[in-house]
Amino acid sequence: MTTPRQPSGSGSGSGSGSGRRQPPRAGAARPAAGRGQPAKGQSAARGQAAKPQAPKGQPAKPQPAKAQPARSQSAKAQPAKSAAVGRTPRAPQQRRPEGRPPARSQAAVRPRPKSRLPQRPRPLKLAEPKRRLRVITVALSLVFSVFAGRLVQLQLVDADALAADANTNRYQNIPITAERGSITSSDGVALAATVDAYDITADPAMFTPAATGIPDAPEQAAALLSPIIGVAKDRIAADLHTPKTRYKRLASQQTPAAKNQISDLKSSLEKQAGSRACQAQKKLLGKPADQGGRTRVDNECANPLAGVFNRETQKRIYPADGLAANLVGFVNGEGEGAGGLELQYQKQLAGKDGHSSYAQAGGRLVPTAGGSMDPAVPGSDVKLTINRDVQWAAQRAITDQVANSGAEKGYVVVQDVKTGQVIAMASAPGFNPNDLSLAKQSQMGNPALVDAYEPGSTAKLMSLAAVLDSGKANWDTRVTVPNRLVRAGQQFKDDVEHGDWYLTLAGVLAKSSNIGTIEAIETLGDGDQLKANQILDGYMRKFGVAQPTGLNFPGETPGMLKKPEDLVASEKYNISFGQGPLQMNALQATSVYSTIANGGVRVAPSIVQGITGPDGKYTATPPGEQTRVVSEETAKTLTSMLESVVDDEQGTGGKAAIPGYRVAGKTGTANRGAADGKGYDGYTASFIGFAPADAPRYTVSCTLQGPVNGHFGGQLCGPVFKQVMEFTLKTMQVPPSGSQAPNLPVEWKP
């Protein structure tokens, strides 16, 4: 008997009693009911097996049906889902081959007990969301409050202190020394220059026991460094025992050789301390003893020079050693001018220092941590008026004569009469600024500008200039000179005993008569000595006596000239021949003769020709100020009178004569004031002159203080003048004189 065919689209299940529903076969499509119509076969019992639909005229083949669980009758009937139009109908399920009876109708299906129905899992009951949100919010608020409080503390309350600590421990601020400018001679050759050198520095924080692993790192470093840098061990160790300081300069201006020696030693120690055995020792530092801990490493595993560094700087050198050292001066251990022109032009020579800042860790640069640099501005170069060759000749001549005469010291000044420029200023004994340890304090100054002394007879030129320029006398005015002259209760005499001399005013100068000079000065006041002294005082001050030279040299003396109204007793007279209340320095005395050589016009002395700034721009020193002191006629007359001092047989300056050149000059022999200012002790010997007398170019002065092998200026300084002047004229290519000296008469017969 065949089972009636089910209509297409029915959803009947299997009629087996297995109670399980078979899932539909893969790929089978569920037939759809017409839209708005109930599904066919809906009244049939669910779970009944659907029979396959056979084509018309053919019997339906039996198909084995897969067992599907039947729905409980308690389940509510669900309307069949509408299938999409045109969808392929699901293939009918085959009947089970076991020969089981067909599925019963829905009405005949026995309801299954409820207890056997599958139980749905109970849904999870979630916590109350509002409560959970409140708990999370409070917790997060507490966490963020802690972070916020810490940020406020770090960024606001402790920000400055922490930043300072961080910079102190991390950043190194290193000064950059500006390159010091050079001091050169007139031809641009360096008298003082700067070369590369190195400052040896240290970071004391890297010498603590915690940093080195040894308790005596400063002492070990001091023992290694002392013989190299020439600094005492105790001093080095004391500098390294300052861990709160991150920078110490152990030695300055060390040579490249010393720097290399320290670097090589440091590298050797670093390599040795980096061995595996030493690294193992360092790892055990600070650990407990039961774990093999150590309190220190072995000496061979320590590098006491790890915190030693070098900083490139400069060193002052003097290529010509002691040439013009008393004028150029010197620098101290800090590289700052401490004497002479080095001190006077310290600001221009020094330039402006800079600085650099860089991050470091363990003494090594951290290139990615940034830094800053303020570059240094180099110093200016100072160009002098000094001629090296003339300076050398002057220095050699005065050095030899100081030794030969047994003098305490001496100095030579050479000046251009037209420009006032000093082309040589030599002193003896001198010193070598490259090695100040061998120099005495008394040798390191410039006595040609610092010493104030009574000039003696060289000052008579000013007295006779006042008489001639005032019209009170002429070169041939007759003067009777006795052996003694009493004035203000005191007897005046000349340097030699003599009977009455009958001299012209030119002869008074040629024979350097003190008495004849007093008699000439008295004519200025027409019997009133105060008036005479006032006139003389006016001329002396115009010549530059007791006035600054304008060089502003450190320690320079302006000299001394007592006011006429303050002169007492013999001072009223001996001032006329350069003794008593009259003191000058060597440059002032030289300038007096240059004034006469320049036709009576004084040109303020100068010693700096110009300055070249760091930008390369050269600025020349302005010409010296000019002052008319005496008339040109007076200057010419005085020049002729001075020639008689050298050329005349009775003159005192015969040893200053130079073949081929006319020379005008004057000797000086003065009592030298005692060091304590009480009385006199020894002599000052001098000679000052200029040449060629017919066309003056240069003035040369020689001064010896405290000679013992003779004391007359013509005898001791005349030869020095000749040697220096002759060399100067040839070096400067000055042609010989084209005429003979006038040879003014020095005597007259009564």
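Parameters at a glance
- Residues numbered from 1 in each chain as written.
- Predicted model: local features only at pLDDT ≥ 70, side-chain atom pairs only at ≥ 80, totals over all residues.
- Heavy atoms only, no water.
- Helix = DSSP H or I, 4+ residues; strand = E, 2+ residues; numbered from the N terminus.
- Buried < 20%, exposed > 50% of the residue type's maximum accessible area, 1.4 Å probe, protein only.
- Contact = heavy atoms within 4.5 Å.
- Areas by Shrake-Rupley, 256 points an atom, 1.4 Å probe, with all protein chains shown as cover.
- Axes fitted to C-alpha atoms, helices over the stretch in contact; angles between N-to-C directions.
- Left-handed = near helix turned anticlockwise from the far one by under 90°.
- Expected span 1.5 Å × (residues − 1).
- Bend = angle between axes of the 7 residues up to and from the residue.
- Core = buried A, V, L, I, M, F, W, Y, C linked by side-chain atoms within 4.5 Å.
- Parallel < 35°, antiparallel > 145°, perpendicular 65-115°, else oblique.
- Nonpolar A, V, L, I, M, F, W, Y, C, P; charged D, E, K, R; others polar.
- Phe/Tyr/Trp six-rings, centres within 6.5 Å; stacked < 30°, edge-to-face > 60°.
- Salt bridge = Lys/Arg side-chain N within 4 Å of Asp/Glu carboxyl O.
- Disulfide = S-S within 2.5 Å.

J.: Explain the overall build of the protein residue by residue, including any values.
T.: The helix and strand tally for the protein stands at 21 helices and 26 strands. Across the 750 residues of the protein, 44% fall into the buried class. In the protein, 74% of the contacts between residues at least 6 apart in sequence involve partners at least 24 apart. Element-wise, carbon and sulfur atoms account for 52% of the exposed surface of the protein, whose accessible area totals about 38,800 Å².

J.: Lay out helix α13 (residues 460-469) with the relevant residues and their values.
T.: Burial of α13 is extensive: nine of the ten residues sit out of reach of the surface. Every buried residue of α13 is listed here: K460, L461, M462, S463, L464, A465, A466, V467 and L468. On its buried face, α13 sits against α14 (505-510), α15 (514-522), α16 (529-542), α18 (586-597), α19 (632-647) and β24 (664-673). Directly after α13, the chain includes G471, whose backbone phi takes a positive value near 80°.

J.: If you had to explain the packing of α13 against α15 to someone new, which residues and values would you point to?
T.: Relative orientation of the contacting elements α13 and α15 amounts to 30°, with a least axis distance of 9 Å. Between α13 and α15 lies a crossing of left-handed hand. Together, K460, S463, L464 and V467 of α13 and N514, T517, A520 and I521 of α15 make up the contact between the two elements.

J.: Give me the lowdown on helix α4 (residues 217-229), citing residues and values where you can.
T.: Given 3.6 residues per turn, any residue in an α-helix points the same way as the ones three and four places further on. Taking 1.5 Å per residue, 13 residues should reach 18 Å; α4 reaches 18 Å between its end C-alpha atoms and fits that length. Approximately 30° is the largest bend angle found in α4, and it occurs at A223, with the proline P227 only one to four residues beyond. Phi for G230, located one or two positions after α4, is positive at around 70°.

J.: Which residues make up the nonpolar core, and what values go with them?
T.: By size, the foremost hydrophobic cluster in this structure holds 91 residues, and its most contacted members are L384, M425, I607 and M641. Setting aside residues no more than four positions away along its own chain, M641 makes contact with L464, L468, W475, L505, A506, L509 and L744. V390, I423, Y698 and M725 belong to the second-largest nonpolar core, a separate cluster that totals 32 residues.

J.: Now, about the packing of α13 against α19: what can you tell me, with residues and values included?
T.: Direction vectors running N to C along α13 and α19 enclose 135°, while the axes themselves pass 10 Å from each other. If you check the angle between α13 and α19, you find them oblique. You can see that α13 and α19 cross each other, and the crossing is right-handed. Mapping the contact onto sequence places L461, L464, A465, L468 and D469 in α13 and T634, T637, L638, M641 and L642 in α19. Residue composition of the contact of α13 with α19, by class: seven nonpolar, two polar and one charged.

J.: Provide a residue-level description of the packing of aromatic side chains, including the pertinent values.
T.: Per the counting criterion, the structure on display carries seven aromatic pairs. Considering the side-chain rings of F492 and Y573, the 6.2 Å spacing of their centres and the 55° angle between planes classify their relative orientation as tilted. Taken together, the positions of F492 in strand β16 (residues 490-492) and Y573 in helix α17 (residues 571-574) put the pair 81 residues apart, joining distant regions of the chain. The buried category is assigned to Y573, whose relative accessible area is 12%. Between F492 and F577 the ring centres are 6.2 Å apart and the planes differ by 80°, which places this aromatic pair in the edge-to-face class.

J.: Let's hear about the pattern of salt bridges: which residues, and what values?
T.: If you walk through the whole model with that rule in mind, you get 16 salt bridges. Note that E571 and K562 form a salt bridge whose closest N and O atoms lie 3.0 Å from each other. Note on K562: relative accessible area 28%, which makes it partly exposed. One network of salt bridges, with partners in common, ties together D199, R249, R311 and E334.

J.: Please give an account of the side chain of T557 that cites residues and values.
T.: As for its position among the elements, T557 is in the loop between α16 and β18 (560-561). Residue T557 is classed as buried on the basis of its relative accessible area of 14%.

J.: Would you mind going over unusual backbone geometry in detail, with residue names and values included?
T.: In this structure, P429 follows A428 across a cis peptide bond, with omega equal to 0°. Along the chain, P429 falls in the loop between β13 (422-428) and α12 (447-450). For the bond running from A691 to P692, omega is -15°, close enough to zero to count as cis. Along the chain, P692 turns up in the loop between β25 (680-691) and β26 (698-705). For S512, which is not a glycine, the phi torsion comes out positive at approximately 55°. Looking at the element boundaries, S512 is found in the loop between α14 and α15.

J.: Could you give an account of the state of the cysteines, with specific residues and numbers?
T.: A full pass over the atoms with the stated rule returns two disulfides. What pairs with C278 in a disulfide is C301, and their sulfur atoms sit 2.0 Å apart. The S-S bond linking C278 to C301 shows a torsion near -70°; that makes this disulfide left-handed. On the criterion of sequence distance, the pair formed by C278 in helix α7 (residues 276-283) and C301 in the loop between α7 and β5 (308-317) is long-range, its members being 23 residues apart. One exposure class covers both C278 and C301, and it is buried. Linked covalently through their sulfurs, C702 and C717 form a disulfide whose S-S length is 2.4 Å. Handedness of the C702-C717 disulfide follows from its S-S torsion of about -60°: it is left-handed. Within this pair, whereas C702 is found in strand β26, its partner C717 is found in the loop between α20 (713-716) and α21 (718-731), the two being separated by 15 residues in sequence. Across this residue pair, the class does not change: C702 and C717 are buried. What links to what in the protein: the bonded cysteines, counted in sequence order, pair as 1-2, 3-4.

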